[in-house]
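Architecture at a glance
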Amino acid sequence: MRVGVVFPQTELGGDPGAIRAYGQGIEALGYRHLVAYDHVVGADPTVHTGWDKAYDVRTTFSEPLVMFGYLAAITQSVELVTGVIILPQRQTVLVAKQAAEVDLLSGGRLRLGVGVGWNAVEFEALGADFSNRGKRSDEQIELLRRMWSEQTVTFDGEYHRVTGAGLGPLPVQRPIPVWIGAASAPGYKRAGRLADGWFPLVEPGDELEKAKNIVAQAARDAGRDPAEIGLEGRIIYTGSVDAVADELTQWRNAGATHVAISTMDAGLKSVDDHLGVLAAIAESIR
């Protein structure tokens with residue numbers, strides 16, 4: 001099981017020096033991958049009455065693929081993971097181009113996690129249709145893989161048309177791995193049909209087992225081997241290093257191939273605080 005981290009960008013995202021120190025720091029500690037969340041814009045609660053979501057217009061989010069271009073140049077081995085890009089609010093071919101460039105610059109270290117999103121305010125700001133985002137996402141994943149693998153693509157789908165066009169340069173990975181963030185039965189089925197791996201939003205236990213069964217059945221229905229689909233868990237640090245070690249064991253027993261540890265919202269004030277906690281965790285699990 002590969003152990004990585006979640007970049008605490010709601011606390012460090014506005015500081016380029018902290019991004020550098022954090023990326024290089026977690027690599028030096030031996031963490032295998034860095035996960036970055038995605039929000040292009042935040043909603044203003046004074047305009048959107050009753051807004052009660054975790055993020056709003058005051059929350060800092062670095063654009064993941066741009067940040068990964070920077071991290072690609074200053075790290076050597078850590079995998080760069082979007083967890084997740086809100087795919088249907090973005091132009092598919094442009095995402096293919098940006099991802100291919102990050103993969104090239106990093107020497108093949110990108111894993112593209114995608115999801116359908118929940119923030120209608122963000123979709124509106126980006127000129128994207130919120131109502132059919134799941135269905136469009138399926139087609140987007142198909143087109144992404146073709147754009148990354150073929151020099152010239154002709155594609156005539158329900159939502160996309162490409163006529164004899166291709167990316168130059170192509171990525172190192174052909175195709176780049178696509179993982180899906182899922183929190184409902186349709187998402188689990190999408191992961192089983194299409195994904196190289198998936199990010200469940202539940203902890204080990206009965207709910208996770210139900211989700212895994214849905215993913216596995218969808219994979220079999222699509223003629224795929226469920227054992228080849230990766231699973232990345234998430235552990236939220238709440239002040240106890242021992243608790244993180246215990247949760248890592250739970251995820252390993254649940255069949256996770258990857259786990260990411262998040263230190264966001266734990267009262268840590270600086271990049272050194274975050275790295276200090278992650279150093280203690282790394283030492284405890286060696």
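To keep things clear, this report deals only with the structure shown in the data block. What you see is a predicted model, and the numbers here were worked out from it, not measured in a lab. (Residues numbered from 1 in each chain as written. Predicted model: local features only at pLDDT ≥ 70, side-chain atom pairs only at ≥ 80, totals over all residues. Heavy atoms only, no water.)

1. Re the packing of helix H4 (residues 92-105) against helix H6 (residues 133-149)
The cut-off we apply is this: For helices, the fitted axis covers only the stretch in contact; all axes are lines through C-alpha atoms, and the angles between them, taken along N-to-C directions, range from 0 to 180 degrees. Strands here are runs of E lasting at least two residues and helices are runs of H or I lasting at least four, both read from the DSSP assignment and numbered beginning at the N terminus. Each angle is binned into one of four classes, with values under 35 degrees roughly parallel, values over 145 roughly antiparallel, values of 65 to 115 roughly perpendicular, and all other values oblique. Crossing handedness is read from the near helix: turned anticlockwise from the far helix by less than a right angle, it gives a left-handed crossing, and turned clockwise, a right-handed one. Note on definitions: a residue-residue contact is assigned when non-hydrogen atoms from the two residues lie within 4.5 Å.
Following both chains from N to C, one finds H4 and H6 inclined at 45°, their axes separated by 9 Å at the closest point. In terms of axis orientation, H4 runs oblique to H6. Crossing of H4 over H6 shows right-handed handedness. Each of Thr92, Val93, Val95, Ala96, Ala99 and Ala100 in H4 lies in contact with H6, whose residues at this interface are Gln140, Leu143, Leu144, Met147 and Trp148.

2. Regarding the nonpolar core
Across soluble globular proteins, you tend to see nonpolar side chains buried next to one another. Just so we agree on the cut-off: The term nonpolar core refers to a set of buried residues drawn from Ala, Val, Leu, Ile, Met, Phe, Trp, Tyr and Cys, joined through side-chain atoms within 4.5 Å. The cut-offs for exposure are 20% and 50% of the maximum accessible area for each residue type, with area from a 1.4 Å probe on protein chains only; residues under the lower value are buried, those over the upper are exposed, and the others partly exposed.
Residues Tyr22, Phe68, Trp148 and Trp198 are the most contacted members of the largest nonpolar core, which totals 69 residues. Apart from the residues lying within four places of it in its own chain, the contact partners of Tyr22 are Val5, Val6, Phe7, Pro8, Leu12, Leu34, Val271, His274, Leu275 and Leu278. Counting twelve residues, the second-largest nonpolar core is a separate cluster that includes Val84, Ile86, Phe199 and Met264.

3. With respect to the pattern of salt bridges
What counts, and what does not: The working definition used for a salt bridge is a side-chain nitrogen of Lys or Arg within 4 Å of a carboxyl oxygen of Asp or Glu.
Following the criterion strictly, the structure yields 14 salt bridges and no others. The residue Glu232 makes a salt bridge to Arg111 at a minimum N-O spacing of 3.0 Å. Taken together, the residues Glu232 in strand E9 (residues 230-236) and Arg111 in strand E4 (residues 110-115) connect sequence positions 121 residues apart. Of the two residues examined, Glu232 and Arg111, each falls in the buried class. A salt bridge links Arg193 to Asp138; the shortest N-O distance between them is 2.6 Å.

4. Section: the packing of aromatic side chains
Threshold: Within 6.5 Å between ring centres, the rings of Phe, Tyr and Trp (the latter by its six-membered ring) count as paired, and their orientation is classed by plane angle as stacked under 30 degrees, edge-to-face over 60, tilted in between. Whether a charge sits over a ring comes down to the Lys NZ or Arg CZ being within 6 Å of the ring centre and within 35 degrees of the ring normal.
In the structure shown here, the tally under the stated rule is six aromatic pairs. The interplanar angle of 35° and the centroid separation of 6.1 Å between the aromatic rings of Trp51 and Trp118 together place this pair among those described as tilted. Taken as a pair, Trp51 in the loop between strand E2 (33-36) and helix H3 (64-74) and Trp118 in the loop between E4 and helix H5 (120-125) lie far apart in primary sequence, 67 residues in all. The class of Trp118 is partly exposed, set by a relative accessible area of 38%. The ring of Trp179 carries the charged tip of Arg111 above its face, separated from the ring centre by 4.3 Å. The residue whose ring lies beneath Arg133 is Phe130, and the NZ or CZ to ring-centre distance is 3.8 Å.

5. A few points about a nonpolar patch on the surface
As a reminder of what qualifies: Here a patch means residues that are over 30% exposed by relative accessible area and free of salt bridges, tied together within 9 Å if like-charged and within 5 Å if nonpolar (Val, Leu, Ile, Met, Phe, Trp, Tyr). Accessibility throughout is a Shrake-Rupley quantity obtained with a 1.4 Å probe, and a residue counts as covered only by protein chains that appear here.
Taken together, Val40, Val41 and Leu126 make up a surface patch of nonpolar side chains, about 200 Å² in accessible area. Residue position: Val40 is located in the loop between E2 and H3. Residue classification places Val40 among the partly exposed positions, given a relative accessible area of 39%.

6. A closer look at the side chain of His39
Put simply, the test is: Two N or O atoms count as a polar contact when they lie within 3.5 Å, although within protein this holds only if one can serve as hydrogen donor and the other as acceptor, and sequence-adjacent residues are included solely when both atoms are side-chain atoms.
With respect to the helices and strands, the residue His39 is situated in the loop between E2 and H3. Accessibility expressed as a relative area gives 12% for His39, which makes it buried. In terms of polar contacts, His39 uses its side chain to reach the side chain of Glu122, at 3.1 Å.

Keep in mind these numbers describe shape, not what the thing actually does.
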